[in-house]
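The primary structure of each chain is shown beneath.
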Amino acid sequence: MVEAALIQALPAAWDVPGSLRESMHYSLMAGGKRLRPILVLAAAEVLGGSLEAAMPVALAIEMVHTYSLVHDDLPAMDNDDYRRGKLTNHKVYGEAMAILAGDALLTQAFFSITQAHKGHGIPAERVLAITEELAIYAGARGMVGGQAADMLGEQGITKLEELAFIHTHKTSDLIVFSLRAGGHIAGATVAQLRALSEFGNAIGLAFQIQDDILDIIGDEKKLGKPVKSDEKQQKVTYPFFIGIEASEQKVKDLTIQAKEALLRAQIAHPERLLQLADYLMQRDH
Ligand SMILES: CC(C)=CCC/C(C)=C/COP(=O)(O)OP(=O)(O)O
Ligand SMILES: C=C(C)CCOP(=O)(O)OP(=O)(O)O
């Protein structure tokens, strides 16, 4: 469903310069795992919300995530040549167009969110809450702040708490947003939203630690991006601090913690989200 909707997210009728459209389309359709949009849909589903109405928000978060990866790969940041098994955006379209494609995807995400109200009748106050939360979780107080702390910290991080701050904002915040946004679509209560946040914070941190473990022991072909990239950039990660075995244990503990948070909330059928937590922990791709 997500793939089919993403293909239509940039209508041909829109008057957009050709190479900008191509550059946006290239990264959006490069075939990621679509984890964040799936979390939006799953959170809406477990709370009895409509998947169709959640879709514009699911697309929005994939646009924000894709922009963040296009910019993360730039020479000024991680300077990576491959992403999702293909050449990175700037390697194909040049740095200027990669920056602009990222900017345009971020802006387009806010347009997409409005369509949950305009096209699907989700009450304006819920869509307003989603818009406000996207600005917070993706911006300076969220993902951009986490990325900035990552860049500023690079080799100077000496405490696990500093690393946890980076991971929480760089990675968990978009995951938390995705879950809460699905909750808002379905009209979640404050307690349910809190449980979704706790679940998201725990699986988000587990996901980033797993990503850093895979950077050491993973298979480049399965991952679609170069391994040993953290070592090359001398990045401080959980495996660097506490070793691979303790990091693997931490991923397991966080997954249990995430599931417990969800089970404490009054959600009749949380199965879909519980399955996703297990999938993330076991992922090797
Ligand atoms: C505002 C910006 C640019 C945010 C980027 C956020 C982000 C999660 C980047 C990927 O992290 P990573 O470098 O740990 O992952 P990967 O190994 O996929 O590059
Ligand atoms: C936060 C991290 C670790 C960046 C990569 O995210 P994903 O692993 O979800 O990337 P795609 O599947 O979307 O390419």
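Located above this text is the structure these notes cover.
All of these numbers come straight from a predicted model, not from anything done at the bench.

Time to look at the site of ligand 2. All residues adjacent to ligand 2 are Gly32, Lys33, Arg36, His65, Leu69, Arg84, Thr171, Phe207, Gln208 and Asp211. In this structure, an oxygen atom belonging to ligand 2 sits 2.6 Å away from a side-chain N or O atom of lysine 33. Contributing elements (two or more residues each) for the shell around ligand 2: α4 (51-72) and α10 (190-217). In terms of residue count, the dominant contributor to the shell around ligand 2 is α10 (3 residues). Grouping the amino acids of the shell around ligand 2 by side-chain chemistry returns 2 nonpolar, 4 polar and 4 charged.

At a minimum axis distance of 10 Å, the contact between helix α7 (residues 124-138) and helix α9 (residues 160-185) shows a crossing angle of 180°. By the criterion of interaxial angle, the relationship of α7 to α9 is roughly antiparallel. On the side of α7, the interface is formed by Arg126, Ala129, Ile130, Glu133, Leu134, Tyr137 and Ala138, while α9 contributes Asp173, Leu174, Val176, Phe177, Arg180, Ala181, His184 and Ile185. The residue inventory of the contact of α7 with α9, partitioned by class, reads 10 nonpolar, 1 polar and 4 charged.

Take empty space enclosed by the protein next. All told, the structure shown has 2 cavities of 30 Å³ or more when counted by the stated rule. The volume enclosed by the largest cavity comes to roughly 100 Å³. Taken together, 13 residues line the largest cavity, and the ones lying closest to its centre are Ser27, Ala30, Val70, Arg83 and Arg84. Mapped onto the lining of the largest cavity, the elements with two or more residues apiece are α2 (18-28), α4 and β2 (86-87). Examining the composition of the lining of the largest cavity, we find that 3 residues originate from one element, α4, more than from any other. Here the lining of the largest cavity is composed, by residue class, of 5 nonpolar, 4 polar and 4 charged. In this structure, the second largest cavity encloses a volume near 40 Å³. As for the second largest cavity, its lining consists of Ile203, Ala206, Phe207, Gln210, Val251, Thr255, Ala277, Leu280 and Met281. Those elements giving two or more residues to the lining of the second largest cavity turn out to be α10, α13 (238-264) and α14 (271-282). Sorting elements by how many residues they give to the lining of the second largest cavity places α10 first, with 4 residues.

Definitions and limits used
Every chain is numbered independently, its residues counted from 1 as its sequence is written. Here chains are named by letter from A upward and ligands by number from 1 upward, in the order in which they appear as written. Thresholds applied to this predicted model are a pLDDT of at least 70 for local features of residues and 80 or more for the giving and counting of side-chain atom pairs; totals over whole chains, interfaces and linings are not thresholded and use all residues. Remark: hydrogens and water are excluded; side-chain values derive from all non-hydrogen atoms of the structure. If even one non-hydrogen atom of a residue comes within 4 Å of a molecule or strand, that residue is called near it. A 3.5 Å cut-off defines polar contacts: any pair of N or O atoms within that distance qualifies, except that in protein one atom must be a possible hydrogen donor and the other a possible acceptor, and neighbouring residues in sequence count only when both atoms are side-chain atoms. Put simply, DSSP marks the helices as runs of H or I at least four residues long and the strands as runs of E at least two long, and each gets a number from the N terminus on. Only Asp, Glu, Lys and Arg are considered charged in this grouping, and only Ala, Val, Leu, Ile, Met, Phe, Trp, Tyr, Cys and Pro are considered nonpolar; every other residue, Gly among them, is considered polar. To define axes, lines are fitted to C-alpha atoms, for helices over the stretch in contact only, and angles between the resulting N-to-C directions are given on a 0 to 180 degree scale. Geometric relationships in this document are graded by angle, where less than 35 degrees denotes roughly parallel, more than 145 denotes roughly antiparallel, 65 to 115 denotes roughly perpendicular, and other angles denote oblique. It only takes one pair of heavy atoms within 4.5 Å for two residues to be counted as in contact. A cavity here means a set of 1 Å grid points, computed over protein atoms only, where a 1.4 Å probe fits but cannot escape. A pocket is an open set with protein on both sides within 12 Å along at least 5 of 7 lines, and lining residues have an atom within 4 Å of a point. Grid points are joined across faces, edges and corners, and a volume is the space filled by probe spheres set on the points.

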